[in-house]
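Residues per chain, in single letters:
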Amino acid sequence: YSEERNMTLGEKIREARRKCGLSQEQLADKMSVSRSAVAKWEQGRGMPSKASLQELCKLFNLTEEELLNEKEQYIYTFDYKKDSFNAAFGFYLI
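Here the structure is a predicted model, which means the values were calculated and not measured.

### Structural notes on unusual backbone geometry
Look at Ser32: it is not a glycine, yet its phi comes out positive at around 60°. The residue Ser32 is located in the loop between helix 2 (24-31) and helix 3 (35-43) in this model. For Asn61, which is not glycine, the phi torsion reads 55° and is therefore positive. Structurally, the position occupied by Asn61 is in the loop between helix 4 (50-60) and helix 5 (64-67). Residue Asn61 is classed as exposed on the basis of its relative accessible area, which comes to 70%.

### What about the packing of helix 2 against helix 3?
Where helix 2 contacts helix 3, the two axes come as close as 8 Å, and the packing angle between them is 110°. Considering the angle they form, helix 2 stands roughly perpendicular to helix 3. Crossing handedness for the pair helix 2 and helix 3: right-handed. Here Gln24, Glu25, Leu27, Ala28 and Met31 of helix 2 come into contact with helix 3, specifically with Arg35, Val38, Ala39, Trp41 and Glu42. Classifying every residue of the contact of helix 2 with helix 3 by side-chain character gives six nonpolar, one polar and three charged.

### Observations concerning helix 4
Side chains of residues three or four places apart in an α-helix project in the same direction, reflecting 3.6 residues per turn. Looking only at helix 4, the buried set comprises Ser52, Leu53, Leu56, Cys57 and Phe60. Along the long axis of helix 4, the arc covered by the buried residues comes to 145°, so they all point the same way. Across helix 4 from its buried face, at more than 90 degrees, point the exposed residues Ala51 and Lys58. Just past helix 4, the residue Asn61 takes up positive phi, approximately 55°.

What counts as what
- Residues numbered from 1 in each chain as written.
- Predicted model: local features only at pLDDT ≥ 70, side-chain atom pairs only at ≥ 80, totals over all residues.
- Heavy atoms only, no water.
- Helix = DSSP H or I, 4+ residues; strand = E, 2+ residues; numbered from the N terminus.
- Buried < 20%, exposed > 50% of the residue type's maximum accessible area, 1.4 Å probe, protein only.
- Axes fitted to C-alpha atoms, helices over the stretch in contact; angles between N-to-C directions.
- Parallel < 35°, antiparallel > 145°, perpendicular 65-115°, else oblique.
- Left-handed = near helix turned anticlockwise from the far one by under 90°.
- Contact = heavy atoms within 4.5 Å.
- Nonpolar A, V, L, I, M, F, W, Y, C, P; charged D, E, K, R; others polar.
- Arc of directions from axis to C-beta.

Okay, structure coming up:
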């Protein structure tokens, strides 16, 4: 018996990045963000902006639904603020 759990957004980003053979630095360069931003996303200490999320989907050939789980979709749909810190803060309050 094994309990299935949903991967976090950060885990999905890390897995997709690795499947594409990219380092955090290479992904950051492709997206015009810092490597530390990518690291924070993967560690769950921050969330990408809506524009960055869309760019990740393009790079990884994924839909937003595939990349986000249900709670994260709710935040981007209803609670998203332009400041990525607020989006991340909202995620942890749920």
